[in-house]
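Overview (structure and organization)
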Amino acid sequence: MPREDREDRALRIGVGGPVGSGKTALVAALCRALRAELSLVVVTNDIYTTEDADFLRTHGVLPDERIRAVRTGCCPHTAIRDDITANLDAVEDLTARHDPELVLVESGGDNLTATFSYGLIDAQIFVLDVAGGDKVPRKGGPGVTRSDLLVINKIDLAPLVGADLEVMRRDARALRGDCPTVLISLRQQPDAGAVVDWVRNQLRSAARR
Ligand SMILES: Nc1nc2c(ncn2[C@@H]2O[C@H](COP(=O)(O)OP(=O)(O)OP(=O)(O)O)[C@@H](O)[C@H]2O)c(=O)[nH]1
Ligand SMILES: [Mg+2]
């Protein structure tokens, strides 16, 4: 259900992208940056385990009860796009308990075809890994072309894998038009400042609606 038709005040943001691209690291960064100024909760998705929720709890990014793991048992994209029931249940239960202003839903790692249903989230971030090669943005797919924010993470690894960041930036711009793209290294700049700024802007726009 679109946000303007819901009774809760939360903005729901999905974080998707290929396996290991840095989704959980980004969620952790967003929690650290925003937890003092607003109420937030997190839902993680893993196929067989609760690994990502365990990581976030172990690192104390939020109180344990604000983090919920969904074990999809199936391809990650199924649970965020086709049958979103388990994720919606988790989001709605956390929302009822904590009245959050922001809900982050991390998808299980998938491939370039994976995107969230807008029945589950209001805006989505797609995270790519520079170590996948500088060709990846131009391979396209809905996450690259239509996500609300494209994050190209691990720019620190570009010299190690021979990736040309200008090529990645250029190809992303060609496919995305005016939709925003940021290149970051969560290893070198764990505060993820550019993404935090984007989330704050989303929150401001949502508050005006
Ligand atoms: N060098 C480098 N490593 C990073 C960066 N960001 C994340 N990592 C590492 O990449 C690995 C995967 O990061 P995660 O945050 O678990 O990635 P993920 O997308 O959540 O992975 P799945 O949920 O399994 O798909 C971890 O070992 C991180 O420490 C970065 O900017 N640079
Ligand atoms: Mg993860």
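Residues numbered from 1 in each chain as written. Chains lettered and ligands numbered in written order. Predicted model: local features only at pLDDT ≥ 70, side-chain atom pairs only at ≥ 80, totals over all residues. Heavy atoms only, no water.

**Notes on the layout of surface pockets**
In plain terms, the rule: The way it works is a 1 Å grid over only the protein atoms, where trapped points that fit a 1.4 Å probe form a cavity and open points with protein on both sides within 12 Å along at least five of seven lines form a pocket, and then any residue with an atom within 4 Å of a point lines it. Grid points are joined across faces, edges and corners, and a volume is the space filled by probe spheres set on the points. Classes in brief: Ala, Val, Leu, Ile, Met, Phe, Trp, Tyr, Cys and Pro nonpolar; Asp, Glu, Lys and Arg charged; the others, Gly included, polar.
Considered as a void within the structure, the largest pocket measures approximately 180 Å³ in volume. Taken together, Gly20, Gly22, Ala25, Asn153, Lys154, Asp156, Leu157, Ser185, Leu186 and Arg187 make up the lining of the largest pocket. Counted by class, the lining of the largest pocket contains 3 nonpolar, 4 polar and 3 charged residues.

**Points about the side chain of Arg12**
Quick reminder of the rule: Secondary structure elements are taken from DSSP: a helix is a run of H or I of four residues or more, a strand is a run of E of two residues or more, and numbering for both begins at the N terminus. Each residue's exposure class comes from its accessible area (1.4 Å probe, protein chains only) as a fraction of the maximum for that residue type: buried when under 20%, exposed when over 50%, partly exposed otherwise. The contact definition used throughout considers only heavy atoms, calling two residues in contact when any of these lie within 4.5 Å.
By secondary structure assignment, the location of Arg12 is in strand β1 (residues 11-16). With a relative accessible area of 3%, Arg12 lands in the buried category. Sequence-distant contacts of Arg12, defined by excluding residues within four places in its chain, comprise Arg6, Leu88, Val91, Glu92, Val103, Leu120, Ile121, Asp122 and Ala123.

**Comments concerning the coordination of the magnesium ion (ligand 2)**
Around a metal, the perfect tetrahedron of four donors has angles of 109.5 degrees, and the perfect octahedron of six donors has angles of 90 or 180 degrees. The condition is simple: Coordination partners: N, O, S within 2.8 Å of the metal, 3.2 Å for Na, K and Ca; water not considered, so apparent gaps in a site are possible.
Those protein atoms acting as donors to the magnesium ion (ligand 2) are Thr24 (OG1), Asp52 (OD) and Glu106 (OE), and they sit at 2.1 to 2.2 Å. We note that the donor set of the magnesium ion (ligand 2) lies within a single chain, spaced as T-x27-D-x53-E. With a gap of 54 residues between them, Asp52 in helix α2 (residues 51-58) and Glu106 in strand β4 (residues 102-106) connect regions that are remote in the sequence. A relative accessible area of 14% places Asp52 in the buried class. On the accessibility criterion, Glu106 (2% relative accessible area) is buried.

**Concerning helix α8 (residues 193-208)**
Put simply, the rule is: Take the residue count of a helix, subtract one, and multiply by 1.5 Å to get its expected span.
Between the first and last C-alpha of α8 there are 23 Å, a value that for 16 residues agrees with the 22 Å anticipated at 1.5 Å per step. On the buried face of α8, the contacting elements are β1, α1 (23-34), β4, β5 (123-129), β6 (149-153) and β7 (181-183).

**Thoughts on the packing of α1 against α2**
To be explicit about the condition: Axis definition: a line fitted to C-alpha atoms, limited for helices to the stretch in contact. Angles are taken between N-to-C directions and run from 0 to 180 degrees. Crossing handedness: left-handed means the near helix sits turned counterclockwise from the far one by under a right angle, and right-handed means the same turn made clockwise.
For the pair α1 and α2, interaxial distance at closest approach is 10 Å and the crossing angle is 35°. Relative to α2, α1 is oriented so that their crossing is right-handed. Together, Thr24, Val27 and Ala28 of α1 and Asp52, Phe55 and Leu56 of α2 make up the contact between the two elements. Counted by class, the contact of α1 with α2 contains 4 nonpolar, 1 polar and 1 charged residues.

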